[in-house]
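Analysis of the macromolecular model
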Amino acid sequence: MIQSLIVKSERRLKRERSTVLKMISLFCRGHHGSTESALCDQCESLNRYVLARLERCPFGDDKPVCDRCPIHCYRPEIRVQIKRVMQYSGPRMFLRHPILTVYHFIDAHRTPPELERSGA
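Residues numbered from 1 in each chain as written. Predicted model: local features only at pLDDT ≥ 70, side-chain atom pairs only at ≥ 80, totals over all residues. Heavy atoms only, no water.

The next subject is the packing of aromatic side chains. Geometry of an aromatic ring pair is reported as the spacing of the ring centres plus the angle between the planes. Scanning the model with the defined rule gives 2 aromatic pairs in all. A centroid spacing of 5.9 Å and a plane angle of 85° characterise the contact between F27 and Y88, whose relative ring orientation is edge-to-face. Taken together, the residues span a long stretch of sequence, with F27 in helix α1 (residues 2-32) and Y88 in helix α3 (residues 76-96) at a distance of 61 residues. For F27, a relative accessible area of 5% puts it in the buried group. For R15, the ring lying beneath its charged end belongs to Y103, and the centroid distance is 4.3 Å. (Phe/Tyr/Trp six-rings, centres within 6.5 Å; stacked < 30°, edge-to-face > 60°. Helix = DSSP H or I, 4+ residues; strand = E, 2+ residues; numbered from the N terminus. Buried < 20%, exposed > 50% of the residue type's maximum accessible area, 1.4 Å probe, protein only. Lys NZ or Arg CZ within 6 Å of the ring centre and 35° of its normal.)

Before going further, it helps to spend a moment on a nonpolar patch on the surface. The grouping of F94, L95, I99, V102, Y103 and I106 at the surface amounts to a nonpolar patch, some 650 Å² of accessible area in total. Looking at the nonpolar patch, the elements with two or more residues in it are α3 and α4 (98-108). The greatest single-element share of the nonpolar patch, amounting to 4 residues, is contributed by α4. If you trace the backbone, F94 turns up in helix α3. (Patch = residues over 30% accessible without salt bridge, like charges linked within 9 Å, V, L, I, M, F, W, Y side chains within 5 Å. Areas by Shrake-Rupley, 256 points an atom, 1.4 Å probe, with all protein chains shown as cover. Salt bridge = Lys/Arg side-chain N within 4 Å of Asp/Glu carboxyl O.)

Here it is in structure tokens:
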């Protein structure tokens, strides 16, 4: 049973990584003319940053979608970039990646976990 929970949470994080990559790819193709298989340097840098933040999320397996998260771990300039990416890619995701979009909507309606406070 514990192993099935681990596999389920790993699938969730893997799906989240895949969703972000696909959103950045849509944005990069639309704004920078990149190909399906490659990102421009700016978008590749953004993708690496987002993936690193996903791996270090203090919520771990219980991570909410970023816009419902009680903390913001992106630098302000990166938050602006990722918001632009999501505003552009969000409406296009349903047509190009409908299953990921449905999962994202389900994840967005989960209750965000409380972050434990230490030293209180």
